[in-house]
Amino acid sequence: MARKSVASATSALPEVNFCDYGDVRTLHLGTEWVQGSMLLDMPYDIELEYVQRMMAWLLFVPPSSVAKRHAMQLGLGAAALTKFCRKKLRMNTTAVELNPQVVSACRFWFKLPPDDERLHIVLGDAALKIQNTDWAGTVDALQVDLYDEDAAAPVLDSADFYADCRKLLTEEGCMTVNLFGESSSYPASVEKITAAFGADAVWAFKPTREGNTVVLAQRNPTRPSREDLVERADGIQTRWGLPAAKWLKVFKPVIA
């Protein structure tokens, strides 16, 4: 096992470090909690199951349209989603991250490419940054994974925050959120998401073995047929190697 760390730029932010376990590199914020991971031999694939599920928005859009869309991540983690959207899906991709040392760690240790015409890393508080009216109605895939070093509960988890998230989305846009932590309440979080998006717009996975529950909310609710979802999942798996066929066994609307 190899372990390296970098001091935080300010005392208010946690130390950022990584560990190598065999062929997997994990990102940590000074604790044992995993904030993200990368396969050393396949750095642009998504290693963690719950992070793969954060791509479930692909079930709701035509595959041929994906490269023309805009993805945004709130919370960079180990940059798995950012790299996948930018490199594999070839999307215009924006990530918002509070801690500059997380960005540095992703550049040095997790193969995050430099910014270019299709990749933009924005430093700052996600709650404030998403109120930028220039982004309103421009995001097709919003992926929210905001946890501190203790990973006890989402850092941002209010109805007002989710309402601001909804304003970012295009008409076909979806938000996916990772809900995890001993102090978090899944029913309470879903209630807040539902308040912002509407009950018929919210879908959810069953929890992973590690306890991560991914919730998806659509800007405008749709209910694709089972046949359409199966066809879309097969296409996702063939094109991009995500286990989308398995998703359909554990993914359904919160309100049937």
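Residues numbered from 1 in each chain as written. Predicted model: local features only at pLDDT ≥ 70, side-chain atom pairs only at ≥ 80, totals over all residues. Heavy atoms only, no water.

Can you help me understand the state of the cysteines in this one?
Disulfides are covalent bonds that link the sulfur atoms of two cysteine residues. Applying the stated criterion to the full structure yields zero disulfides. With no disulfide partner, C106 has as its closest neighbouring cysteine sulfur the one in C85, 14 Å distant. C174 carries a free sulfur, and the closest cysteine sulfur to it, the one in C85, is 13 Å from it. Given the relative accessible area of 2%, C174 is considered buried. (Disulfide = S-S within 2.5 Å. Buried < 20%, exposed > 50% of the residue type's maximum accessible area, 1.4 Å probe, protein only.)

What should I look at first to understand a negative patch on the surface in this one?
A contiguous patch of negative charge on the surface is contributed by E227, D228, E231 and D234. Positionally, E231 belongs in helix 7 (residues 226–240). Since its relative accessible area comes to 59%, E231 is described here as exposed. (Patch = residues over 30% accessible without salt bridge, like charges linked within 9 Å, V, L, I, M, F, W, Y side chains within 5 Å. Areas by Shrake-Rupley, 256 points an atom, 1.4 Å probe, with all protein chains shown as cover. Salt bridge = Lys/Arg side-chain N within 4 Å of Asp/Glu carboxyl O. Lys, Arg positive; Asp, Glu negative; His and termini not counted. Charge placed at Lys NZ, Arg CZ, Asp CG, Glu CD. Helix = DSSP H or I, 4+ residues; strand = E, 2+ residues; numbered from the N terminus.)

Help me out: how do you make sense of the sheet that holds strand 6 (residues 92–97) in this one?
For sheets, the rule is that strands pair by backbone hydrogen bonds, running either parallel or antiparallel. A sheet is described by the order of its strands in space; here eight strands give the open sequence 7-6-5-8-9-11-10-12, paired in mixed fashion. Looking along the sheet, the strands with just one partner apiece sit at the ends: strand 7 (119–123) and strand 12 (251–253). Shown here is a sheet whose adjacent strand axes are inclined to one another by a mean of 15°, direction ignored. Sheet topology places strand 8 (residues 139–144) next to strand 9 (residues 169–179); five bridges connect them, and they run parallel. Residue pairing for strand 9: V144 is matched across the bridge by V177. Against the sheet, helix 6 (residues 186–197) makes contact with strand 9, strand 10 (202–205) and strand 11 (213–218), and its axis sits at roughly 10° relative to strand 11, the strand it touches most. (Pairing = 2+ DSSP bridges. Axes fitted to C-alpha atoms, helices over the stretch in contact; angles between N-to-C directions. Contact = heavy atoms within 4.5 Å.)

What exactly am I supposed to notice about the confidence of the model for the chain here?
Should the pLDDT be low somewhere, the predicted coordinates at that spot are not to be read in detail. Per-residue confidence for the chain gives a mean pLDDT of 89, with 90% of residues at or over 70. No element of the chain has a lower mean pLDDT than strand 1 (residues 2–6), at 47, and none a higher one than strand 8, at 98. Under a pLDDT of 50 for its full length, residues 3–11 has, in the predicted model, 21 contacts with residues more than four places off or in other chains. (pLDDT = per-residue confidence, 0-100.)

What should I look at first to understand the packing of aromatic side chains in this one?
One pair of aromatic rings is described through two measures. These are the centre distance and the angle between the planes. Scanning all chains against the criterion turns up eight aromatic pairs. With a centroid separation of 5.3 Å and an interplanar angle of 20°, the aromatic rings of W203 and F251 are classed as stacked. Of the two residues, W203 sits in strand 10 while F251 sits in strand 12, which places them 48 residues apart along the sequence. Each member of the pair W203 and F251 is classed as buried. (Phe/Tyr/Trp six-rings, centres within 6.5 Å; stacked < 30°, edge-to-face > 60°.)

Hey, could you run me through the pairing of strand 11 in this one?
Of all six residues making up strand 11, six are buried, and the element is well covered by its neighbours. Of the two faces of strand 11, the one carrying T213, V215 and A217 and the one carrying V214, L216 and Q218 are both buried. One ladder, built from six bridges, connects strand 9 with strand 11; its direction is antiparallel. Considered in strand 11, the bridge of V177 is made with V215.

Can you walk me through the side chain of Q73 in this structure?
Relative to the assigned elements, Q73 resides in strand 5 (residues 70–74). Residue classification places Q73 among the buried residues on the basis of a relative accessible area of 1%. Within the local environment of Q73, its side chain forms a polar contact with the side chain of T82, the two groups lying 2.7 Å apart. Polar contacts involving the side chain of Q73 include one to the side chain of Q143, which spans 2.8 Å. Residues within four places of Q73 in sequence aside, it is in contact with L81, T82, C85, T93, T94, A95, V96 and Q143. (Polar contact = N/O pair within 3.5 Å; in protein donor to acceptor, adjacent residues only side chain to side chain.)

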